[in-house]
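Architecture at a glance
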Amino acid sequence: MPRHRPAAFLALLFLTLFASAEEKITEKELRAHVEVLADPELAGRAPGTDGSRKAAEYIVGEMDSYGLEPAGEGETPYQTILATGGAERGRNLCFLLPATGDSQGVVVLGAHYDHLGAGPEGVFTGADDNASGVAALLEIAELFASSREDRPRDVLFLAFDCEEQGMLGSTYWVAHPTVPLDRVEAMVCLDMLGRSVMDRFPGCVFAFGTEWSEDMGHELKETPRPKGVEVWNIGTEFVGPRSDFLAFGLKRIPYVFFTTGTHEDYHTPGDVAEEVDVDSMAKLARFIATFTERVASAEDAPRFHWMRPNGLREAEVVHGLVSRLTEDPPPGTPDWQLGIASWLKRRSARMIERGRVGVLDRATLIATTQALTLTLLQRNRSGPTEERK
């Protein structure tokens, strides 16, 4: 096990940071960021569009006002994403907060700022996906820049472009890093923090990835939960390769991916700023800030190595999720979907009672949870708008 800094020192450090987070990370500022980035005038922030350019200018202006250093190409915050033939696909945005002394390494905090643009259905404003993640990124950057705690690592804030095109922005950054990749010790990914699974679980956040790093799992476990925050720590297989953590994980860089999950307006024009829950967002952003500070302040770098996932903990998360869904299902949910949820509730309860989860049990948990979530989303998208609301 790596060494950790003295408990008394860390307790004082994190209490100071948490108190500052309460003051600096506010519902008002989060709402303001989301409303700017999800403004219909930005036309969905598709890469290469005027709306994308305006979103990038806003992010750069905010980061510059916090005093962060540009960490892109040519002493600018920009990194141009090039296709194989040399065509420009988009632009990543890169900002560095240096360590307070000699830097031991780099911790990346990243969120994608692009979305789907506009189409016949309307403007895909992407308030939750992912104006919410960028809003949290900005607020955490402001907090860190103002606190100037005794931090032995640089923190690199990355706003990725082209995530919706297959994580092209993060993949390009890892292939062409603007800081030496061998100095990057951990990655924290923020993608969709403004809603919750079917809008039924305010204050709950998934944390994926600790099966690849016991040390990241330790820091997650030790991070204090603000009142009203519940952390669902389960294996990445439950979500799959669906966000910007993937490129880092493939390079054996420890990661944690935070998301509140999908909902009925995911990838539809209904994902608007008015539906974002800024009260929950603020609590989650403060929690993620404290977790990131723990990782950046640890004495040793987290190690990347696969561990057997905690199947029993995953069964408990799934059981809690489907129990609430069956008690308070989305309006109009058909009986057959409630039947799947009830079956999964009983199956996970038996695993918990037995006190162990086998390989086939875990595969069943993953496949059935994914199928249930996808069918609930599809049902809600095809239903009448008035019913869904």
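So, here is what we can say about the structure in this document. Model, not experiment: these values are computed from the prediction. (Residues numbered from 1 in each chain as written. Predicted model: local features only at pLDDT ≥ 70, side-chain atom pairs only at ≥ 80, totals over all residues. Heavy atoms only, no water.)

**A word on the overall build of the protein**
A count of helical and extended segments in the protein gives 12 helices and 11 strands. For 389 residues, the compact-globule estimate of 2.2 N^0.38 gives 21 Å, and the C-alpha radius of gyration of the protein, at 20 Å, lies within 12% of that figure. A principal-axis box enclosing the C-alpha atoms of the protein has dimensions of 60 × 55 × 45 Å. Out of the 389 residues in the protein, the part that is buried amounts to 56%. Taking as baseline every contact in the protein between residues at least 6 positions apart, the subset at least 24 positions apart corresponds to 83%. As presented, the protein carries roughly 15700 Å² of accessible surface, and 54% of it is formed by carbon and sulfur atoms. For the protein, the centre of its 40 positive side-chain charges and the centre of its 59 negative side-chain charges are spaced 7 Å apart. (Helix = DSSP H or I, 4+ residues; strand = E, 2+ residues; numbered from the N terminus. Rg over C-alpha atoms; globule rule 2.2 N^0.38 Å. Buried < 20%, exposed > 50% of the residue type's maximum accessible area, 1.4 Å probe, protein only. Contact = heavy atoms within 4.5 Å. Areas by Shrake-Rupley, 256 points an atom, 1.4 Å probe, with all protein chains shown as cover. Lys, Arg positive; Asp, Glu negative; His and termini not counted. Charge placed at Lys NZ, Arg CZ, Asp CG, Glu CD.)

**Some points on the packing of helix H2 (residues 27–37) against helix H8 (residues 278–297)**
H8 packs onto H2 with a crossing angle of 105 degrees between their chain directions and a minimal axis gap of 9 Å. With respect to each other, H2 and H8 are oriented roughly perpendicular. Contacts between H2 and H8 pair Glu27, Leu30, Arg31 and Val34 from the former with Val278, Asp279, Met281, Ala282 and Arg286 from the latter. (Axes fitted to C-alpha atoms, helices over the stretch in contact; angles between N-to-C directions. Parallel < 35°, antiparallel > 145°, perpendicular 65-115°, else oblique.)

**Concerning the packing of helix H3 (residues 50–65) against helix H4 (residues 127–147)**
At a closest axis distance of 10 Å, the pairing of H3 and H4 adopts a crossing angle of 15 degrees. Considering the angle they form, H3 stands roughly parallel to H4. Relative to H4, H3 is oriented so that their crossing is right-handed. Residue-level contacts link Tyr58, Ile59, Glu62 and Met63 of H3 to Val134, Leu137, Leu138 and Ala141 of H4. Per-class residue counts for the contact of H3 with H4 are seven nonpolar, no polar and one charged. (Left-handed = near helix turned anticlockwise from the far one by under 90°. Nonpolar A, V, L, I, M, F, W, Y, C, P; charged D, E, K, R; others polar.)

**Observations regarding helix H5 (residues 168–175)**
Where H5 is concerned, the buried positions are Gly169, Ser170, Tyr172, Trp173 and Val174. Against strand E2 (78–82), strand E3 (88–97), strand E7 (154–160), strand E8 (184–190) and helix H7 (245–250) lie the buried residues of H5.

**Points about the pattern of salt bridges**
A side chain with one charge can pair with a side chain of the opposite charge if their charged atoms come near. Tallied over the full model, the rule gives 18 salt bridges. Between Arg195 and Asp199 there is a salt bridge whose closest N-O contact spans 2.7 Å. The exposure class of Arg195 is buried, given its relative accessible area of 7%. Through salt bridges with shared partners, a single ionic network connects Asp50, Arg53, Lys54 and Glu57. (Salt bridge = Lys/Arg side-chain N within 4 Å of Asp/Glu carboxyl O.)

**Here we look at the packing of aromatic side chains**
On inspection of all chains with the given rule, the structure shows 12 aromatic pairs. Both rings, one in Phe206 and one in Phe208, keep their centres 5.4 Å apart while their planes meet at 15 degrees; by these two values the pair is stacked. The class for Phe206 is buried, based on a relative accessible area of 9%. A relative accessible area of 3% means that Phe208 is categorised as buried. Taken together through their ring pairs, the aromatic side chains of Phe201, Phe206, Phe208, Trp232, Phe245, Tyr255 and Phe257 make up a single cluster. In this structure, Arg151 packs its charged tip against the face of Phe144, placed 4.6 Å from the ring centre. (Phe/Tyr/Trp six-rings, centres within 6.5 Å; stacked < 30°, edge-to-face > 60°. Lys NZ or Arg CZ within 6 Å of the ring centre and 35° of its normal.)

**Describing the nonpolar core**
Of all hydrophobic cores here, the largest spans 61 residues; its most connected members are Ile59, Met63, Leu68, Ile140, Phe157, Leu190 and Phe258. Sorting elements by how many residues they give to this core places H4 first, with 12 residues. In this structure Ile59 touches Leu37, Leu93, Phe95, Tyr113, Val134, Leu138 and Ala159, once residues within four positions along its chain are discounted. Counting 43 residues, the second-largest nonpolar core is a separate cluster that includes Cys94, Ile234, Leu344 and Ile366. (Core = buried A, V, L, I, M, F, W, Y, C linked by side-chain atoms within 4.5 Å.)

**Some details on unusual backbone geometry**
Here the residue pair Asp129 and Asn130 is connected by a cis peptide bond, since its omega of 5 degrees sits within 30 degrees of zero. Structurally, Asn130 can be placed in helix H4. In this structure, Arg45 is a non-glycine residue whose phi angle is positive, near 55 degrees. With respect to the helices and strands, Arg45 occurs in the loop between H2 and H3. Residue classification places Arg45 among the buried positions, given a relative accessible area of 1%. Positioned with a positive phi, Met192 is a non-glycine residue whose angle comes to about 70 degrees. Positionally, Met192 belongs in the loop between E8 and strand E9 (204–208).

**Remarks on helix H9 (residues 311–327)**
For H9, which comprises 17 residues, the first-to-last C-alpha distance of 24 Å matches the rise-based estimate of 24 Å (1.5 Å per residue) to within 8%. Within the span of H9, buried status applies to Gly311, Glu314, Ala315, Val317, Val318, Leu321, Val322, Ser323 and Leu325. (Expected span 1.5 Å × (residues − 1).)

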